[in-house]
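The chain contents come next:
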Amino acid sequence: MSTPGRTAPSPVTRARNGTATVFAANGFALASWMSRVPDVKTRLDLSPGKLSILLLVISAGSVLGLPLAGRIGNHLGASKAVRLGAAMGMPGVALAGLMVQVRAPFALVMPGLFLLGLGLGIWDVSQNLEGAVVERASGKPIMPWFHAAFSLGTVLGAVLGAGLTWLRTPIGAHVAVAAALSLAAVAWGTAGFTPAGGEPDHHSETGTLRPAANSARSAWIEPRTLLIGAMVLAAAFTEGTANDWMAIAFVDGHHVAQALGVIALAVFLSFMTIGRILGTRLLDRYGRVLVLRTLFGAAIVGCALVVFGHLWLAFAGAALWGFGASLGFPVGMSAAADDPRRAALRLSVVSTIGYAAFLGGPPLLGFLGDHFGVLHALITVGAISVLAAFVAPAARPTARSPQYQRSPAADGQALDPVRPGSP
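What counts, and at which threshold
Residues numbered from 1 in each chain as written. Predicted model: local features only at pLDDT ≥ 70, side-chain atom pairs only at ≥ 80, totals over all residues. Heavy atoms only, no water. Helix = DSSP H or I, 4+ residues; strand = E, 2+ residues; numbered from the N terminus. Buried < 20%, exposed > 50% of the residue type's maximum accessible area, 1.4 Å probe, protein only. Areas by Shrake-Rupley, 256 points an atom, 1.4 Å probe, with all protein chains shown as cover. Core = buried A, V, L, I, M, F, W, Y, C linked by side-chain atoms within 4.5 Å. pLDDT = per-residue confidence, 0-100. Contact = heavy atoms within 4.5 Å. Arc of directions from axis to C-beta. Patch = residues over 30% accessible without salt bridge, like charges linked within 9 Å, V, L, I, M, F, W, Y side chains within 5 Å. Salt bridge = Lys/Arg side-chain N within 4 Å of Asp/Glu carboxyl O. Polar contact = N/O pair within 3.5 Å; in protein donor to acceptor, adjacent residues only side chain to side chain. Phe/Tyr/Trp six-rings, centres within 6.5 Å; stacked < 30°, edge-to-face > 60°. Axes fitted to C-alpha atoms, helices over the stretch in contact; angles between N-to-C directions. Parallel < 35°, antiparallel > 145°, perpendicular 65-115°, else oblique. Left-handed = near helix turned anticlockwise from the far one by under 90°. Nonpolar A, V, L, I, M, F, W, Y, C, P; charged D, E, K, R; others polar. Expected span 1.5 Å × (residues − 1).

Asker: Tell me what's going on with the overall build of the protein chain, and back it up with residues and numbers.
Answerer: Of the regular secondary structure elements, the protein chain holds 15 helices and 4 strands. Out of the 423 residues belonging to the protein chain, those deemed buried represent 53%. Accessible area of the protein chain: about 18100 Å², with a carbon and sulfur share of 69%.

Here's what the structure looks like:
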């Protein structure tokens, strides 16, 4: 029974809130584990090389899960695919935490982390698939909001993890409870997903959903999809490099205390979240290509300030870098899903290409850091952002996008929502 005086939320609103919750749970689960990585290193007495292998196991699971996710989402729908990913990943991270807690051999920690990566890969593509469906139904470019929810989830998981580490909470108990909370959030969030987690049926005036069809040919041979993937790879590299190396670059390169290095990372994350919150308005007003090129330009300038500026200019650069890195990934997901009939497969391809940056980025920066110093190794971010700006036009909405219809103005102008009855 509804409360008098209150109107029940619309299906689109429920789906939007549920999708944001699922994104936040994904970030929270990942950050909960990553916040205890220093404890894992100490408790298992790992060398940096062995620890990097352990972290690569997660990436390997994700790289396997990402291409599978497209077909799983195509057959099961986004809601069931997200639940499947969570059902694999959350027991996996709980198992890994337990193995660390009892100081099990190094090899026994790896299966749980592989399951974590595999589950997160399936979960990630599927939540972006649902986000694209909700974005089309809402008539606004709201995908950045969902990625802002992910960022907020990572901040919450990291802050909570730092507090529990300070309290000497057992890692097994911490990650198990975090996994259980994430599973509960997924159960609640997916309950609000669009019916069957499928794709919009353009022949229905009510906007009911059906599974995607007519998508047998490989998305790996589509030039536009591959170009979007290249842009997302550059965006992921720009974001992931800062996550992994920003604090270390400030400590080693600018010779500040570790606390100030962490603050530099916090500045980056905060401005990236702000960019994602404001991104919907920017995209709605100026269009994808102009916004993307402007932001990648900001990332280039921010990177240069971090590397070559004095300390306070470097902090300003961290903020500019974060803002510049905010929209490349979410807009790439939206662009890959412009055609609802092939959204699942294209999202899988684009995500797989993009996440290669998380797999190859850390060892590349580590290698360059050994030879040139971590701070100067960050110049690679500026170089790859130039590539991203160059291929940004691939993200321009297509004729099959049911969400937007291009106005007569140039691409830099606003994109108008398609009205009922529009072609």
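Asker: Provide a residue-level description of the nonpolar core, including the pertinent values.
Answerer: Within the largest apolar cluster, 103 residues are counted, with the highest numbers of intra-cluster contacts made by W33, L113, W123, M246 and W321. Looking at this core, the element that brings in the most residues is helix α8 (residues 223-253), giving 12 residues.

Asker: So what's going on with unusual backbone geometry? Which residues, and what values?
Answerer: Positive phi is not limited to glycine here, since R168 has a value of about 60°. The topology assignment puts R168 in the loop between α6 (143-166) and α7 (171-191). A relative accessible area of 75% means that R168 is categorised as exposed.

Asker: Give a detailed account of the confidence of the model for the protein chain, specifying residues and quantitative values.
Answerer: Taken residue by residue, the protein chain gives an average pLDDT of 80. The fraction at 70 or more is 83%. Ranking the elements of the protein chain by mean pLDDT puts strand β4 (residues 415-417) last with 36 and α7 first with 95. Scored below 50 in pLDDT, residues 196-216 shows 48 contacts in the model against residues more than four places distant or in partner chains. For residues 402-423, every residue scores under 50 in pLDDT, and the model assigns this stretch 51 contacts once sequence neighbours within four places are set aside.

Asker: Describe helix α2 (residues 37-44), with residues and values.
Answerer: Every buried residue of α2 is listed here: V37, V40 and L44. Looking straight down α2, one finds its buried side chains confined to an arc of 50°; they lie on one side. The exposed set on the far side of α2, more than 90 degrees from its buried face, consists of P38 and T42. Two residues or fewer past α2, D45 is found with a positive phi of approximately 55°.

Asker: Explain a nonpolar patch on the surface to me, and be specific about the residues and the numbers.
Answerer: Together, F271, I274, I277 and L278 give the surface a local cluster of nonpolar side chains, amounting to about 340 Å² of exposed area. One can find F271 in helix α9 (residues 258-286). Relative accessible area serves as the criterion here: at 35%, F271 is assigned to the partly exposed category.

Asker: Tell me about the side chain of R288, and name the residues and values.
Answerer: Mapping R288 onto the fold places it in helix α10 (residues 288-308). At 3.0 Å, the side chain of R288 forms a polar contact with the side chain of D338.

Asker: How would you summarise the environment of A356 if you had to cite specific residues and measurements?
Answerer: By secondary structure assignment, the location of A356 is in helix α13 (residues 343-372). Given a relative accessible area of 34%, A356 falls into the partly exposed group. For the pair A356 and V232, spaced 124 residues apart in the sequence, the C-alpha separation amounts to 9.9 Å.

Asker: Quick one: what's the story with the packing of aromatic side chains, residue by residue and with numbers?
Answerer: Per the counting criterion, the structure on display carries 4 aromatic pairs. Measuring from centroid to centroid gives 6.1 Å for F268 and W321, while their planes differ by 80°, and the two rings are edge-to-face. Here F268, found in helix α9, pairs with W321, found in helix α11 (residues 311-324); they are 53 residues apart in sequence, far enough to count as distant. Comparing F268 with W321, the two get one shared label, buried. Ring pairing ties together the aromatic residues F250, W312 and F315, which thus form one cluster.

Asker: Tell me about the packing of α10 against α11, and please be specific about residues and values.
Answerer: The interhelical angle for the contact between α10 and α11, taken along N-to-C directions, is 155°, at an axis separation of 7 Å. In terms of orientation, α10 lies roughly antiparallel with respect to α11. α10 and α11 meet at a crossing whose hand is left-handed. Contact residues: α10 offers L295, F296, A298, A299, V301, G302, C303, L305 and V306, while α11 offers L313, A314, G317, A318, L320, W321, F323 and G324. Grouping the constituent residues of the contact of α10 with α11 by class yields 14 nonpolar, 3 polar and no charged.

Asker: Break down the packing of α10 against helix α15 (residues 379-391) for me, with residues and values.
Answerer: What describes two packed helices is the angle between their axes and the distance between those same axes. Two elements in contact, α10 and α15, have axes separated by 9 Å at closest approach and are oriented at 170°. Between α10 and α15, the angle is such that the two are roughly antiparallel. Contact residues: R293, F296, A299, I300, C303, V307 and F308 in α10; I379, V381, G382, S385, V386, A388, A389 and F390 in α15. Here the contact of α10 with α15 is built from residues that sort into 12 nonpolar, 2 polar and 1 charged.

Asker: How would you summarise the pattern of salt bridges if you had to cite specific residues and measurements?
Answerer: Within this structure, the stated rule accounts for 6 salt bridges. Here E239 makes a salt bridge to R276, at a shortest N to O gap of 3.1 Å. Placement of E239 in helix α8 and of R276 in helix α9 is noted, with a sequence separation of 37 residues between them. Assessed through its relative accessible area of 1%, R276 is described here as buried. A salt bridge links D339 to R346; its shortest N-O distance comes to 3.8 Å. Relative accessible area serves as the criterion here: at 5%, D339 is assigned to the buried category. Within this structure, E222, D339, R342 and R346 form a network of salt bridges that share partners.

Asker: Please set out the environment of H174 residue by residue, giving values where relevant.
Answerer: Relative to the helices and strands, H174 resides in helix α7. By relative accessible area, H174 is classed as buried at 5%. Apart from the residues lying within four places of it in its own chain, the contact partners of H174 are S32, S35, R36, G161, L164 and T169.

Asker: How would you explain α7 if you had to name every residue and give the values?
Answerer: Since the α-helix advances by 3.6 residues per turn, residues separated by three or four positions end up pointing in the same direction. Over its 21 residues, α7 extends 30 Å from the first C-alpha to the last, a length consistent with the 30 Å expected when each residue adds 1.5 Å. Of all the positions in α7, only I171, G172, H174, V175, A178, A179, S182, A185, V186, G189 and T190 are classed as buried. Along α7, the residues classed as buried sweep out an arc of 160° about the axis, all on the same side. Opposite the packed face of α7, turned more than 90 degrees from it, sit the exposed residues L181, W188 and A191. If you follow the buried residues of α7, they end up packed against α1 (11-34), α2, α4 (78-101), α5 (106-138) and α6.

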